[in-house]
Amino acid sequence: MFTPKAGGNSLLAGRRPGSRSNTPLSGSKRPSHGGHHLLGISRGATTPVARSNVIDNTGSHVLSTLGGSLPVLVTEVLTMVNAADVSVTLSDNGWAWLVSGRRLVVWRYNGIGRAQCRELSLPPSDLKHRSELCAVYSLNAGQTPCCIAVSPEGVVRYWTSIVHEGSSTDISAELGGQECMSLLQLQPTGCILATTTGTLVLLHHTNQGISCKHLQPSSNLLGGIGRRVSSLLWGSISGAHGTEVKLIRILSLPTVNSLSNKTSAMILTSASLQKWIIEEGDMARQLYEADLNEMIKESMWSVLADQGQAGKASWLRIWQLDMATLDADRIAILVAGINTNESLSQAEATKFKVYYGLVILKVRSDVPPFDAECFKLLPETGIINEGDEPRAFKTLGVKDTVYVLNEEDIHPVSVGVDYDLPKVSLGPGNSILGVGHTEDSALLFTPNHGVLSLSAAQKENRMDVTDTPETSFMDKSLKLTDTLNISVSAQGLENLTMSESKGDQLKAAFLLYCKRCVGQAQSLVDELFPDGVQSEPVDSALDRLVISLSKDLIDDFPASDPRWMESLPASQVAGTGSTMSLLVLHQLEDKLTCHQLFLAFLKNVGLWSRLNAVSGKTGNTAVSTVLALAEHNEKIVAAITLRTIHNDFAKMVDTCIKACLDDRDITAGGNLTAQDHFYREISRIDELLESAVLNLQHCVRVERQYELIESIISINTVVITILRAVLSHRNKNVDEFNPSGPASKLEYLPWTTVKRNQLVNMFNMTIKHVVKNAEHDTDRMKIYAQIMDLADIVLDGYRSEVDSLEGERKNEIVQQFSRIKDQLIGSLIDLKLYDQATSLGEKYLDFNGLVRICEETKNDSKLEEYTKLYANHNFSEFVFSWYMKQGKQSRLLSASSDRSKELSRFLSGHSDISWLHDINTGNMAKASGTLAQIANNETDIFERKKLQLSLAKLAALASDEDDKDSLLQQLDADIVLQNAQENISSRVLEAFGMEKEGMRVLTPREMIEMYIGEENSQADSLDFVKALCLLDYVQLEQDEIERVRLHIWCQSILRDSWADIDVNNPINSVQETIFFKVIEYGFHQGYDLDTFLPSPENILEQDELGNLKNQTNFKYLLQTGYEHVKRVCAAAS
């Protein structure tokens, strides 16, 4: 382990070989420096505590770094490859190996012996290589280890020594297409290779190298006793619920007799537990195969029944998830179970609550276990849909402790106690890439810290956290003070206590709490903020003082750094002393610990529940005080994350830091650097996002294309890494920072959300300047992942804000949310990134994007799946509306028969196409009525109305309705009108500025004028007859209709020159006028001329005739003609 000399500069010299940041992976011991007094009193009054390599200390367990720095080859892989593509195994023999692609990197992690690091090449494979299919071990003590690696397809590659990278032999395990899952090393025999379906192959050493032998269950009379007994006791072995048997875990039991050449192997499948004995050479036999299902049901039910569950064990359905060894006698099996009679019905899906537990079995003997030693029900639970599998966890066993691992933390479970132990945190932005164990510790491998050791805390350092079943929150929080340097002289503390400032007194109470003087701290708080005093809902003294002290803590300067002591005026030296570290990263970690202790203080002295709200930064809105404290906590996490990756992107981050300090009018001078100033003032860490966007815009203006791509990827990586760490931290602490009372109703706008405009700008610039110009697939894949992450972060912020709102403000933000979803997810769809867009669309219910993806990919089955999944969100109606907006009525009408009723409801408001659905479903009467109504409302296009009327009549004729005659009569009348319009000549239409093509629908009154108007200069008697017929369709009062009728007759009179008519032969002369031709037409058609013809007196009264009505010849001819008509009518009758 790296240990600097006192007074040297090695700690500040930058990155050590193999370290991915300037923080050593091994967690160096730092020299002690004199601390400062909280009030600026002599620095010799404090006793600083040197920082150790501890990552987390829960009081019961300690997580710390192990060994020295990682080899350069390992850090190179971790730097260049996504963590999801890397797997690591930590062997108990001190060797570790990492697999990435076909690269196998082997190194010694425990620091024993000569340090070696070798890279080997794995066999070719179409599937992903994993470290679980490799083994590195020495055949003899002191010998360079050999290595066996198996491809997922079963190609075995063997190196007699890892030193000889190029000298290897390959053989086939002859698996017939089965996929390999695990390789278990058994000293001194060799290895057992297991496939996903439970096939076992013994890889044993021969004089020629390595050989394969398929293992079969014993079939002789004596060898099969154990197996038959287990079948008699537990029933026949088969896959659970008729499913295929799957291998879950294979492991070896520790050997009690070191001289024995026998090794025991335990194999857990989805159906059974097997025990095998492997002897030196190639001898192997199965001792038993036991179905544990009923035993596990009984064990789990006995615990559930004690908790009040009603029912019986047979109601349980069990899954075996993982297995771990505790010692040579015992194993622990992680199981999950559901009560099939305890369904939680939601919508159309049936959901069940999942219980998790550990079954402890004794497996020392050669016969299967008849019952469980004990059953430990875990606090972890879940919810699954019917038919789904429960979430799986990994386990590690060390002595009496089983470690249950997930992506975020580690849950130690002690077999010997009846209470839960606190979980161990990996820290923000971390993940487990591999595991292992030693005799006393669990081993983990993470990309941020390398090899970690997790072990039980020493008794004297555990603060009795696990000594009693009831471990209080205060006990857990007080242990945080062990890592802090919070101390003050008695005189200084008294000065704070006696101060008239409430801020000083609150600070004194916190310091007393840190010194474990909890009673004094409580008394001081009670005096400061007595119960029963009504406080303001916003900006009360308590809320303002708590936020002020919280900000002071996170913006505190390093107490033991002499550079700060020299640069600050005496008035500022009196800080709260939250950190004594000289390294920036350690300073930030100390601040996080101190802030967590401050939160514990607020809760334990009763102030937490009394917090309300403070004014927001703009002053227009109020913010929950609890969430303001959460913001401070998150900003420390952001600073830690930034510092962790700072050196990987040093040039870019330094540029952004300088821009931030320029905005603050801070110039680094003396011995303090820009980083010192920036990382001190954590409350303003969010300003880095704005600087990053400005830096990105600058790069767009000045950099060449290949430089710009690299810069944008770097900037995006930094911003996304920080925000991902913050969001992960926020999600894990939702319950802790949960406002109550009126404060819970306030709008929640996280500080990360406030910067969403900058993130949207980054998203847009990345697409505009990088996506289309990236030439390498590697760059393109990075960019795709980054724009998805940026979109995800922005949308997550909007969703959090929407969830906190009510009323009009909520509606406003929902509209914004909808628009930004269309923009961001739509951009991904434009780039054909369908998988990424689908993921975000499903997460944020972006139905527009999901429908668009299904249409573009022609995935109707997925669309049907969404219809069922989002039935409660009216997804079907959204799809129908989407088709309408996109003009895809044919797709709308092709909806499956399952959605016919929903489509009918939707189309009730869309009559223009609902008739098509009615015809498709055979409802002709409804289709006819709808078409008739559509035609009646049509005023724009004549041809469309004509078609609608024709279709309406056809549908009416095809219907089975008895009362369709009235509808047919109305349709016929409407068709007559259409024919009348159609017969208007093109010449007349042109005179009125119209054309046959695209002609609008004319009213009967308009058509009358077209037939008789001056524009129709060639009108004949038939045109006037048509005009008179149209009077039957004019929607006017009766008096008005009579006036129009007289108007038509007057216009027919005016069509002829009556002055030129021969009065000597009046009858023959008037017969040629249009007026009398119309009368003649009516006579021949059998009209009643008494009603058809106006009286000559009415005609002569019309001013429309002008002077003509006063001319004697006209009067004579008109009266003569009328007299002739009457005489003819009388003769005809």
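Residues numbered from 1 in each chain as written. Predicted model: local features only at pLDDT ≥ 70, side-chain atom pairs only at ≥ 80, totals over all residues. Heavy atoms only, no water.

(A) Examining the overall build of the chain more closely. The helix and strand tally for the chain stands at 39 helices and 31 strands. In the chain, once contacts between residues fewer than 6 apart in sequence are set aside, the share between residues at least 24 apart is 58%. Accessible surface for the chain amounts to roughly 52,800 Å². Of this, 48% is attributable to carbon and sulfur atoms. (Helix = DSSP H or I, 4+ residues; strand = E, 2+ residues; numbered from the N terminus. Contact = heavy atoms within 4.5 Å. Areas by Shrake-Rupley, 256 points an atom, 1.4 Å probe, with all protein chains shown as cover.)

(B) Seen up close, a negative patch on the surface. Together, E943, E990, E995 and E997 give the surface a local cluster of negative charge. If you trace the backbone, E997 turns up in the loop between helix 31 (986–991) and helix 32 (1004–1012). What makes E997 exposed here is its relative accessible area of 70%. (Patch = residues over 30% accessible without salt bridge, like charges linked within 9 Å, V, L, I, M, F, W, Y side chains within 5 Å. Salt bridge = Lys/Arg side-chain N within 4 Å of Asp/Glu carboxyl O. Lys, Arg positive; Asp, Glu negative; His and termini not counted. Charge placed at Lys NZ, Arg CZ, Asp CG, Glu CD. Buried < 20%, exposed > 50% of the residue type's maximum accessible area, 1.4 Å probe, protein only.)

(C) Quick look at unusual backbone geometry. At D539, a position not held by glycine, the phi torsion is positive, near 60 degrees. Relative to the helices and strands, D539 is located in the loop between helix 7 (518–528) and helix 8 (541–554). The backbone phi angle of K858 is positive, close to 55 degrees, even though this residue is not glycine. Within the secondary structure layout, K858 lies in the loop between helix 22 (847–856) and helix 23 (860–869). Given the relative accessible area of 71%, K858 is considered exposed.

(D) A look at the pairing of strand 8 (residues 146–150). With 5 of 5 residues buried, strand 8 lies mostly within the body of the structure. Side chains C146, I148 and V150 of strand 8 all project onto a buried face; the interleaved residues C147 and A149 project onto the opposite face, where all are buried too. Two strands pair when backbone bridges link them, and strand 7 (residues 134–137) and strand 8 are joined in this way by 4 bridges, in the antiparallel orientation. Bridge pairing in strand 8 links Y137 to C146. Pairing geometry for strand 8 and strand 9 (residues 155–159), over 4 bridges, is antiparallel. Bridge pairing links A149 to R157 in strand 9. In sequence, strand 8 turns back onto strand 9 through a hairpin of 4 residues, with G154 there showing a positive phi of about 105 degrees. (Pairing = 2+ DSSP bridges.)

(E) Structural context of the packing of helix 15 (residues 687–702) against helix 18 (residues 756–771). Axis separation between helix 15 and helix 18 bottoms out at 10 Å; the angle between their running directions is 25 degrees. When the axes of helix 15 and helix 18 are compared, the pair comes out roughly parallel. Handedness of the crossing formed by helix 15 with helix 18: left-handed. Along its contact with helix 15, which presents L689, E690, V693, L696, Q697 and V700, the element helix 18 presents Q758, N761, M762, M765 and H769. Counted by class, the contact of helix 15 with helix 18 contains 6 nonpolar, 4 polar and 1 charged residues. (Axes fitted to C-alpha atoms, helices over the stretch in contact; angles between N-to-C directions. Parallel < 35°, antiparallel > 145°, perpendicular 65-115°, else oblique. Left-handed = near helix turned anticlockwise from the far one by under 90°. Nonpolar A, V, L, I, M, F, W, Y, C, P; charged D, E, K, R; others polar.)

(F) Examining the sheet that holds strand 24 (residues 401–405) more closely. Taking strand neighbours across the sheet as the criterion, the 4 strands line up as 23-24-25-26 in an open arrangement whose pairing is antiparallel. Unpaired on one side and paired on the other, strand 23 (394–398) and strand 26 (424–425) mark the two borders of the sheet. Relative to strand 24, strand 23 runs antiparallel, the two being bridged by 5 bridges. Across the sheet, K394 pairs through a bridge with L405, a residue of strand 24.

(G) Structural detail: helix 7. Within helix 7 the residues assigned to the buried category are A521, L524, V525 and L528. Buried residues along helix 7 cover an arc of 100 degrees about the axis, so they all sit on one side. (Arc of directions from axis to C-beta.)

(H) Broad picture of the environment of H437. Among the secondary structure elements, H437 is positioned in strand 27 (residues 434–437). Expressed as a C-alpha distance, the spacing of H437 and G397, which sit 40 residues apart in the sequence, is 7.9 Å. Setting aside chain neighbours within four positions, we find H437 in contact with L90, D92, L396, G397, V398, A442 and L443.

(I) Representation of the packing of aromatic side chains in the model. Counting across every chain of the model gives 22 aromatic pairs. Here the aromatic rings of F1075 and F1076 are separated by 5.0 Å at their centres, their planes lie at 90 degrees, and the arrangement is edge-to-face. Residue F1075 is classed as buried on the basis of its relative accessible area of 0%. Where Y1087 meets F1092, the ring centres are 5.0 Å apart and the plane angle is 50 degrees; that geometry is what we call tilted. Residue classification places Y1087 among the partly exposed residues on the basis of a relative accessible area of 32%. F1092 gets classed as buried once you look at its relative accessible area, which sits at 9%. (Phe/Tyr/Trp six-rings, centres within 6.5 Å; stacked < 30°, edge-to-face > 60°.)

(J) A look at helix 18. Over its 16 residues, helix 18 runs 21 Å from end to end, which matches the ideal 22 Å to within 8%, given 1.5 Å per residue. Among the residues making up helix 18, those that are buried are R756, Q758, L759, V760, M762, F763, M765, T766, I767, H769, V770 and V771. Packing partners of the buried residues in helix 18 comprise helix 15, helix 16 (705–732), helix 17 (751–754), helix 19 (777–803) and helix 20 (807–830). (Expected span 1.5 Å × (residues − 1).)

(K) Geometry of the environment of E806. Within the element layout of this structure, E806 appears in the loop between helix 19 and helix 20. E806 gets classed as exposed once you look at its relative accessible area, which sits at 61%. For the pair E806 and L746, spaced 60 residues apart in sequence, the C-alpha separation works out to 9.3 Å.

(L) Focus on the sheet that holds strand 12 (residues 190–195). Within the open sheet, the 4 strands sit side by side as 11-12-13-14. Their pairing is antiparallel. This sheet does not close on itself; its edge strands, each paired only once, are strand 11 (180–186) and strand 14 (209–215). Each strand of the sheet is rotated relative to its neighbour by a mean of 25 degrees, with strand direction disregarded. Pairing geometry for strand 12 and strand 13 (residues 200–206), over 5 bridges, is antiparallel. For L193, the partnering residue across the bridge sits in strand 13 and is V201.

(M) Spatial organisation of the pairing of strand 16 (residues 262–269). Extensive coverage of strand 16 is indicated by the burial of 7 of its 8 residues. Bridge count between strand 15 (residues 247–252) and strand 16: 5 bridges; the pairing is antiparallel. Bridge pairing in strand 16 links I250 to I267. For strand 16 and strand 17 (residues 273–279), the ladder comprises 7 bridges, and the chain directions are antiparallel. Across the sheet, A265 pairs through a bridge with W276, a residue of strand 17. The antiparallel hairpin formed by strand 16 and strand 17 contains 3 residues in its connecting segment.

(N) Seen up close, the nonpolar core. Residues L642, F678 and I787 are the most contacted members of the largest nonpolar core, which totals 78 residues. By residue number, the principal contributor to this core is helix 16, which donates 13 residues. Every residue in contact with L642, bar those within four places of it in the chain, is listed here: V653, F678, Y679, I685, L688, V718 and I722. (Core = buried A, V, L, I, M, F, W, Y, C linked by side-chain atoms within 4.5 Å.)

(O) Structural view of the side chain of S299. Mapped onto the fold, S299 is located in helix 3 (residues 293–306). Residue class for S299 comes out buried when judged on its relative accessible area of 11%. Residue contacts for S299: discarding those within four places in its chain leaves A372 and F375.

(P) Expanded view of the state of the cysteines. The tally for this structure, following the rule as stated, stands at 0 disulfides. Its sulfur unpaired, C594 is 6.2 Å from the next cysteine sulfur, which belongs to C514. Look at C594 and you get buried, because its relative accessible area is 0%. (Disulfide = S-S within 2.5 Å.)

(Q) Highlighting the confidence of the model for the chain. Here the chain shows a mean pLDDT of 80. Residues at 70 or above account for 82%. Every residue in residues 1–52 is under pLDDT 50, and counting partners more than four places away or in other chains gives 129 contacts. Counted against residues more than four places away or in other chains, residues 570–577, with its pLDDT under 50, gives 26 contacts. (pLDDT = per-residue confidence, 0-100.)

(R) Representation of the side chain of T401. Following the sequence through the fold, T401 ends up in strand 24. Residue T401 is classed as buried on the basis of its relative accessible area of 12%.

(S) Here's a closer look at the environment of V623. Take V623: it is sitting in strand 31 (residues 622–624). Each C-alpha atom of the pair V623 and P750 lies 9.9 Å from the other, and the pair is 127 residues apart in sequence. Excluding residues that lie within four positions of it along the chain, V623 makes contacts with N612, A613, V614, G616, A628 and L746.

(T) Structural detail: the pattern of salt bridges. For the structure shown, the criterion picks out 49 salt bridges. Among the salt bridges present, the one from E294 reaches K297, with a minimum N-O distance of 3.9 Å. Of the two residues, E294 and K297 are both situated in helix 3; the distance of 3 residues between them amounts to about one turn of the helix. For D792, the salt bridge identified is with R724, shortest N-O distance 2.8 Å. Here the residue D792 occupies a position in helix 19, and R724 occupies one in helix 16, the gap between them amounting to 68 residues. The class for R724 is partly exposed, based on a relative accessible area of 30%. Here the residues in one salt-bridge network are E631, K635, D686, E690 and K755, joined through shared partners.

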